[in-house]
Amino acid sequence: MKFTLEIELGNEGMRTDVDIRDALHKTAYKTSMSSIPEAGDDGPVYDYNGKTVGKWEVKDHQLLNPAEHDIYNNLPKEPL
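Residues numbered from 1 in each chain as written. Predicted model: local features only at pLDDT ≥ 70, side-chain atom pairs only at ≥ 80, totals over all residues. Heavy atoms only, no water.

Draft legend 1. Quick look at the sheet that holds strand β2 (residues 42-46). Strand order in the open sheet formed by three strands is β1-β3-β2, with antiparallel pairing between adjacent strands. Of all strands in the sheet, those bounded by a partner on one side alone are β1 (2-7) and β2. With strand direction ignored, the average angle separating the axes of adjacent strands in the sheet is 15°. Pairing between β2 and strand β3 (residues 52-59): five bridges, direction antiparallel. (Pairing = 2+ DSSP bridges. Helix = DSSP H or I, 4+ residues; strand = E, 2+ residues; numbered from the N terminus. Axes fitted to C-alpha atoms, helices over the stretch in contact; angles between N-to-C directions.)

Have a look at this one:
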């Protein structure tokens, strides 16, 4: 599975690091309300004004393109 989070920055309620931290904290609290995240779980992310500024979701890893999300395919060919 894969957890993704998107937040749009720039509106009045999402400009500072504190705004981002608060949105992350609220989202983390909401996602912790269910015991185990499951594929298909999702929800909105709100700023302190209550406006939707993003979304979070849990995706089934098997439905993702393996070439884009397999960390072993994205390693450098030569040792560092």
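Draft legend 2. Fine view of the environment of arginine 15. Checked against the element boundaries, arginine 15 lands in the loop between β1 and α1 (17-32). Spatially, the C-alpha atoms of arginine 15 and aspartate 47 are 9.7 Å apart, while their sequence positions differ by 32 residues. Within the structure, arginine 15 has its side chain in polar contact with the backbone oxygen of glycine 10 (distance 3.3 Å). (Polar contact = N/O pair within 3.5 Å; in protein donor to acceptor, adjacent residues only side chain to side chain.)

Draft legend 3. The arrangement of the nonpolar core in detail. Within the largest apolar cluster, six residues are counted, these being Met14, Ala23, Val45, Val53, Trp56 and Val58. With three residues, the top contributor of residues to this core is β3. Here methionine 14 is in contact with Ile7, Glu8, Leu9, Asp19, Ile20, Ala23, Asp47 and Val53, once residues within four sequence places are set aside. (Core = buried A, V, L, I, M, F, W, Y, C linked by side-chain atoms within 4.5 Å. Buried < 20%, exposed > 50% of the residue type's maximum accessible area, 1.4 Å probe, protein only. Contact = heavy atoms within 4.5 Å.)

Draft legend 4. The arrangement of the packing of aromatic side chains in detail. As enumerated under the stated definition, the model contains one aromatic pair in all. A centroid spacing of 5.9 Å and a plane angle of 25° characterise the contact between phenylalanine 3 and tryptophan 56, whose relative ring orientation is stacked. With a gap of 53 residues between them, phenylalanine 3 in strand β1 and tryptophan 56 in strand β3 connect regions that are remote in the sequence. Residue class for tryptophan 56 comes out buried when judged on its relative accessible area of 11%. (Phe/Tyr/Trp six-rings, centres within 6.5 Å; stacked < 30°, edge-to-face > 60°.)

Draft legend 5. Looking closely at the pattern of salt bridges. In this structure the tally under the stated criterion is two salt bridges. Note that lysine 59 is salt-bridged to glutamate 57, the shortest N-O span being 3.9 Å. (Salt bridge = Lys/Arg side-chain N within 4 Å of Asp/Glu carboxyl O.)

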